There are 2 protein chains.
Amino acid sequence: MSDKPVFLYDTTLRDGTQGEGFQLSGLDKLRIAIRLDEFGVDYIEGGWPGSNPKDVEFFQEAKKLELKHAKLAAFGSTRRANTAVEDDPQVALLLAAETPVVTIFGKSWELQVTEVLRTTIEENQAMIRDTVAHLVQNGREVIYDAEHFFDGYKDGPEHALSTLIAAAEGGASCLVLCDTNGGTLPSEIEKICSVVKARIPDTPFGIHTHNDCELGVANAIAAVRAGAKQVQGTINGYGERTGNCNLTSVIPILQLKLGLDVVPQLENLRDLSYFVDDISNNPHFARAAFIGRTAFAHKGGMHVNAVQKLARSYEHIVPESVGNSQNILVSELSGQSNILIKAEQLGIPLEKGSSEASAVLRRVKELEHDGYSFESASGSLELLILKELERYTKPFTLNEYHTSFRQYRDGHPPVCEATVKLEVNGTPELTVAEGKGVLNALDLALRKALLPFYPQIANVSLLDYKVRILEGRDATASITRVLIVSTDGEKTWSTIGVSDNIIEASWLALTDGIDLFLQGVTRLE
Amino acid sequence: MSDKPVFLYDTTLRDGTQGEGFQLSGLDKLRIAIRLDEFGVDYIEGGWPGSNPKDVEFFQEAKKLELKHAKLAAFGSTRRANTAVEDDPQVALLLAAETPVVTIFGKSWELQVTEVLRTTIEENQAMIRDTVAHLVQNGREVIYDAEHFFDGYKDGPEHALSTLIAAAEGGASCLVLCDTNGGTLPSEIEKICSVVKARIPDTPFGIHTHNDCELGVANAIAAVRAGAKQVQGTINGYGERTGNCNLTSVIPILQLKLGLDVVPQLENLRDLSYFVDDISNNPHFARAAFIGRTAFAHKGGMHVNAVQKLARSYEHIVPESVGNSQNILVSELSGQSNILIKAEQLGIPLEKGSSEASAVLRRVKELEHDGYSFESASGSLELLILKELERYTKPFTLNEYHTSFRQYRDGHPPVCEATVKLEVNGTPELTVAEGKGVLNALDLALRKALLPFYPQIANVSLLDYKVRILEGRDATASITRVLIVSTDGEKTWSTIGVSDNIIEASWLALTDGIDLFLQGVTRLE
């Protein structure tokens, strides 16, 4: 811990998953860890081995990861009261995780020691010191999280400081001051951090904040101003209650506002944010600072006019520096610009102000009104542009499809079947297939029907399938949006289907994917 | 402006409506104004008469409101360059709105004066001074919004201060310093506000911030620390781009953390927040500070345990002080404590450490490993506890079900059908129903089969249906989680189903809902 102005410690995989509605499978965790490493985060806290089997499993798999930059951390607690650290099974599991870094938390608030832990001040200090020392002796870098530090300090500063000193004596590399309840104000954070720095000058300190007062980011920045060398947080601020310090906001503030180089490619920030939302199947928060969909959206006519004269008028940073872009909401002309840029990216240039561009824009707006969203379905947008430009050839005509699902309770496995009835150049085909689910059966039946005409379709398969119900009030009238990612082994493309019936929505997304492939113009997104 | 420590200025109806997705009709605006007044806000900015006909109409209607506490403000701009203020039609409309307060904005940033307004420094100062003076002469309290004040100050402090002095000379009651682009840090805000206070001691100053760095609330609090007497913001932080300073967070910080009495009944805060969401048809942000659904939700088992021993452990304020309440989530991270509390709330007390409690916990963890989540499915959890306690009676035995969906392309509407084959006390039933979708057809067929045995089932219907795909890598092997909310017209209860097949997952959630109802133990969640 020496060569960077501030180190980034991500706890999306641990504290993040304590938030309601934020669940990750073992595979999800591995995928996010890889992305965090690529982005340049310094520490990745993977979980608490021993708190649940999923985390033990994660650390088994994580050993195989070849991280380029980040160090993996296992999280846990100090040894139990009145137990030798060597005999504590939880501490043993922390070592068994075989991570280069172990982060342990201990109690700094006297009230917590006596009321929750129900032990003595001296034993609590020994628990901290012993556990840190034991892990250090076993070759680990040990980060100490001082839980409730600020509340503890306000109740009794000397007791709170004594717990930090115990961790420093044990050999901790960093003392992380936690505003566990999120109730501390930035001015208090700054003042208390300054005291810690003065009293314990030889061990660096870090900051771990929560957003209970909507001050999680401000509190982290206040600590950095007071000399914090490590900032803990989560992507998009996921976490217990109102969430953790939002790294997605802290990182650009550190880099762009305070001039501290913390990541090599800040322009990947927006993608990382969306990636974590997508993986956890959470909706993107449109108003999120820096990377939100509306973060650089201008609606007021006056603002739009001024932004056109001088972007700095209403933009505090260059949107592209975090991977975002300016978005002018009301102007028909600027709406066209977005489509033109997208078409250009797809290699189908449209002329600005042309009737084709207007027609495409009109169609996009109609579909968006119906619940379509082309942000993560470029494949369907491409197909739409081709159709409007009359550069589209219909590969088949569907007459009918049918799906059937029969579930037994006598041990017989369920049977899922689909039939597809279509024509290619006037030649009819009627096929049937069984599959593992409705979409799978439809996919197999459709490809069976098309294979005689288009043998190259054998290479296409589905990579991903996401369902979102858009309106939840009336169960029978809700709109379903299905997103599918297809691949031919080299390229991938994404398509969308929207309907009040989930099977039809799935069918539309599925056939768009096949259709685009058959246009011979699919490309990597 | 003298008898309160800090005055609250709400601009939800004006700056709020510049946010994407936040639209209000004239009636909506009136209803929100009444609620804001009841809550104890000091100023309500209603709109910009002259910017659009809706705002002119609003002020016509608003004259009839009998506000108990708040003063209504019309918002507008200074006179145009090189025009006598008496001849400026926009200024005339501000007077025609007949509000006790008029708020006008002017330019503080030299760059904006020369590049956007395209006039001279001197004329800009005259525009500010003349307009304020004219409105004051017409009996209005005039608040001056210094647009881009902080950016302007950083570019040229003397110019920025000169525009405030012009407004003070004109007779403004308050000089509001605006961080229009939201790019300023709290430390800068505090420093610059202190300079303003020292240089212009005889006119109070206020603060207007935006959330572009996720620092809108922190910046407002920093200004109050430096002496600001007015805070401008919006309910739930709605507004242009990432939104305005969130009053829903600032108000409890002022009142509970800084001890400044700003509203008479803080416990109405949560209701006000939900009211504005509902009126504007926006989803509630679950993680919102203070008033969010999960703001006092505890998921980690350790946290739950500690919260029971001592609520202060993980709650920085008493949730009820802002109208919120504690919420214990049941999840894979939970220990026995969560289950025990939930069981207690459900009226089925379990003894801590008992074999029943362990069995329930084990079963919950197994199911969570398979993709279940009981956080928003208390009904299924209740059923699970009843089963483990052997207090469960099986209302029917399913033998088989079947669904079929046929989609045509010749204009014939799709046909969705379900059959259910079950037994009640040895009596077989085979029923079939058509529905609008698979779930609807299954629901109808199931209830048709059960109705002869359980006539009270006629009162049960589905309120909500949510689908989530848990793993996206392999489309055919992904796990689907279905959440259903059922009602009998009085009580509502929520249930969950998980399967690798969406139809089976829907069936499981559906039958859990019916099953729980038939146990006669359903209750309000």
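Note that the structure is predicted; figures quoted are calculated from it, not measured.

A. Fine view of the overall build of chain A. Along its length, chain A carries 17 helices and 16 strands. Out of the 525 residues in chain A, the part that is buried amounts to 51%.

B. Spotlight on the UniProt feature "domain: Pyruvate carboxyltransferase" (unreviewed entry) in chain A. In the numbering used here, UniProt assigns the "domain: Pyruvate carboxyltransferase" (unreviewed entry) feature to residues 6-270 of chain A. Taken end to end, residues 6-270 of chain A comprises 43% helix and 16% strand; its first and last C-alpha atoms sit 21 Å apart.

C. Region of the structure containing the interface of chain B and chain A. Taken together, the contacts link 95 residues of chain B with 94 residues of chain A. Of the residues belonging to the side of chain B that touches chain A, the class tally is 38 nonpolar, 32 polar and 25 charged. Two strands pair when backbone bridges link them, and strand 11 (residues 397-408) of chain A and strand 11 (residues 397-408) of chain B are joined in this way by nine bridges, in the antiparallel orientation. Bridged to Tyr401 of chain A within strand 11 of chain B is Gln407 of chain B.

D. Looking closely at the environment of Asp10 of chain B. The residue Asp10 of chain B is located in strand 1 (residues 7-10) in this model. Setting aside anything within four residues of it in sequence, one finds Asp10 of chain B in contact with Leu36, Val41, Tyr43, Ile44, Glu45, Thr234, Ile235 and Leu247 of chain B.

E. How the structure looks around the pairing of strand 4 (residues 101-107) of chain B. Residues and elements named next belong to chain B. Most of strand 4 is tucked away, with seven of its seven residues classed as buried. Going residue by residue along strand 4, you find Val101, Thr103, Phe105 and Lys107 tucked away on one face and Val102, Ile104 and Gly106 tucked away on the opposite face as well. Inspection of the sheet shows strand 3 (residues 71-77) paired to strand 4 by five bridges, in the parallel sense. In the sheet register, Phe75 faces strand 4, and the bridge partner there is Thr103.

F. Structural detail: the sheet that holds strand 5 (residues 141-147) of chain B. Residues and elements named next belong to chain B. Reading around the circumference, 1-2-3-4-5-6-7-8 is the order of the eight strands in this closed barrel, with parallel pairing throughout. Between one strand axis and the next, the sheet turns through 25° on average, direction left out of account. For strand 1 and strand 2 (residues 43-47), the ladder comprises two bridges, and the chain directions are parallel. Its bridge partner lying in strand 2, Tyr9 is registered against Tyr43. Sitting on the sheet, helix 1 (residues 26-39) is in contact with strand 1 and strand 2, with an inclination near 170° to strand 2.

G. Up close: the packing of helix 9 (residues 216-225) of chain A against helix 10 (residues 247-257) of chain A. Residue and element names in this part refer to chain A. Their axes nearest at 10 Å, the elements helix 9 and helix 10 cross at an angle of 35°. Here the hand of the crossing between helix 9 and helix 10 comes out right-handed. Side by side, helix 9 and helix 10 meet where Val217, Ala220, Ile221 and Val224 of the first sit next to Ser249, Val250, Ile253 and Leu254 of the second. A class-by-class count of the residues in the contact of helix 9 with helix 10 yields seven nonpolar, one polar and no charged.

H. Up close: the sheet that holds strand 13 (residues 427-435) of chain A. Across the sheet, which stays open at both edges, the six strands sit in the order 13(A)-12(A)-11(A)-11(B)-12(B)-13(B) with antiparallel pairing between neighbours. Of all the strands in the sheet, the pair left with one neighbour each is strand 13 of chain A together with strand 13 (427-434) of chain B. Sheet twist, expressed as the mean angle between neighbouring strand axes with direction ignored, is 10°. Here nine bridges tie strand 11 of chain A to strand 12 (residues 415-424) of chain A, and the two strands are oriented antiparallel to one another. The residue of strand 12 of chain A that forms the bridge with Leu398 of chain A is Leu422 of chain A. Packed on one face of the sheet, helix 16 (residues 438-450) of chain B meets strand 11, strand 12 (415-424) and strand 13 of chain B and runs near 35° to strand 12 of chain B.

I. A look at the environment of Arg270 of chain A. Residue and element names in this part refer to chain A. As for its placement among the helices and strands, Arg270 is situated in helix 11 (residues 269-279). Accessibility expressed as a C-beta count within 10 Å gives 22 for Arg270, which makes it buried. For the pair formed by Arg270 and Gln255, sequence separation is 15 residues and the distance between their alpha carbons is 15 Å. Discounting residues that sit within four places of it in the chain, Arg270 has contacts with Ile291, Val322, Gly323 and Asn324.

J. A look at the packing of helix 1 (residues 26-39) of chain A against helix 11 of chain A. All names here are of chain A. Direction vectors running N to C along helix 1 and helix 11 enclose 175°, while the axes themselves pass 11 Å from each other. Overall, the two elements helix 1 and helix 11 adopt an arrangement that is roughly antiparallel. Seen from helix 1, the contacting residues are Asp28, Arg31, Ile32, Arg35 and Phe39; seen from helix 11, they are Leu272, Phe275, Val276 and Ile279. When the residues that make up the contact of helix 1 with helix 11 are grouped by side-chain class, the tally is six nonpolar, no polar and three charged.

K. Structural view of the nonpolar core. Core analysis: the biggest nonpolar cluster contains 184 residues, and Leu175 and Leu177 of chain A together with Leu175 and Leu177 of chain B have the highest contact counts within it. Setting aside residues no more than four positions away along its own chain, Leu177 of chain B makes contact with Ala146, Phe149, Phe150, Cys193, Val196, Phe205 and Ile207 of chain B. Of all hydrophobic cores here, the second largest spans 93 residues; its members include Tyr372, Leu383, Cys416 and Ile484 of chain B.

L. Region of interest: the environment of Thr17 of chain A. All names here are of chain A. Considering the arrangement of structural elements, one finds Thr17 in the loop between strand 1 (7-10) and helix 1. By the C-beta count within 10 Å, which is 28 here, Thr17 ends up buried. The sequence separation of Thr17 and Tyr238 amounts to 221 residues, and the corresponding C-alpha distance is 7.4 Å. Excluding anything up to four places from it in sequence, Thr17 contacts Phe22, Gln23 and Leu24.

M. Molecular detail of helix 8 (residues 186-199) of chain A. End to end, helix 8 of chain A covers 20 Å across 14 residues, agreeing with the expected 20 Å (1.5 Å per residue, within 8%). Residues Pro186, Ile189, Glu190, Ile192, Cys193 and Val196 of chain A constitute the buried set of helix 8 of chain A.

N. Representation of the confidence of the model for chain A. All names here are of chain A. Considering every residue of chain A, the mean pLDDT works out to 88; 92% of them sit at 70 or more. When the criterion is pLDDT under 50, residues 329-334 qualifies, and its contacts beyond four places in sequence or with other chains add up to eight contacts. Contacts for the low-pLDDT stretch residues 521-525, under 50 throughout, to residues beyond four places or in other chains number 11 contacts. Model confidence for the complex is summarised by a pTM of 0.73, with the ipTM given as 0.72.

O. Spotlight on unusual backbone geometry. In the Ramachandran plot, Arg241 of chain A falls in the positive-phi region, its phi being about 60° despite a non-glycine side chain. Among the structural elements, Arg241 of chain A can be located in the loop between strand 8 (230-233) and helix 10. Under the C-beta neighbour-count criterion, Arg241 of chain A is labelled buried, with 27 such atoms within 10 Å. Phi is positive for Glu214 of chain B, close to 60°, though the residue is something other than glycine. Here Glu214 of chain B is to be found in the loop between strand 7 (205-208) and helix 9 (216-225).

P. Region of the structure containing the pairing of strand 8 of chain A. Residue and element names in this part refer to chain A. Alternating residues of strand 8 divide into Gln230 and Gln232 and Val231 and Gly233, and every residue in both groups is buried. Sheet analysis places strand 1 next to strand 8, joined by four bridges and oriented parallel. When the sheet's bridge partners are listed, Tyr9 is paired in strand 8 with Gln232. With three bridges joining them, strand 7 (residues 205-208) and strand 8 adopt parallel strand pairing. When the sheet's bridge partners are listed, Gly206 is paired in strand 8 with Gln230. The handedness of the strand 7 to strand 8 crossover, carried by helix 9, is right-handed.

Definitions and limits used
- Residues numbered from 1 in each chain as written.
- Chains lettered and ligands numbered in written order.
- Predicted model: local features only at pLDDT ≥ 70, side-chain atom pairs only at ≥ 80, totals over all residues.
- Helix = DSSP H or I, 4+ residues; strand = E, 2+ residues; numbered from the N terminus.
- Buried ≥ 20, exposed ≤ 12 C-beta atoms within 10 Å, placed from the backbone.
- UniProt positions renumbered as here; feature names shortened; annotations may be inferred.
- Contact = placed C-beta atoms within 7 Å.
- Nonpolar A, V, L, I, M, F, W, Y, C, P; charged D, E, K, R; others polar.
- Pairing = 2+ DSSP bridges.
- Axes fitted to C-alpha atoms, helices over the stretch in contact; angles between N-to-C directions.
- Left-handed = near helix turned anticlockwise from the far one by under 90°.
- Parallel < 35°, antiparallel > 145°, perpendicular 65-115°, else oblique.
- Core = buried A, V, L, I, M, F, W, Y, C linked by C-beta atoms within 7 Å.
- Expected span 1.5 Å × (residues − 1).
- pLDDT = per-residue confidence, 0-100.
- Right-handed = clockwise from strand over helix to strand, strands pointing away.

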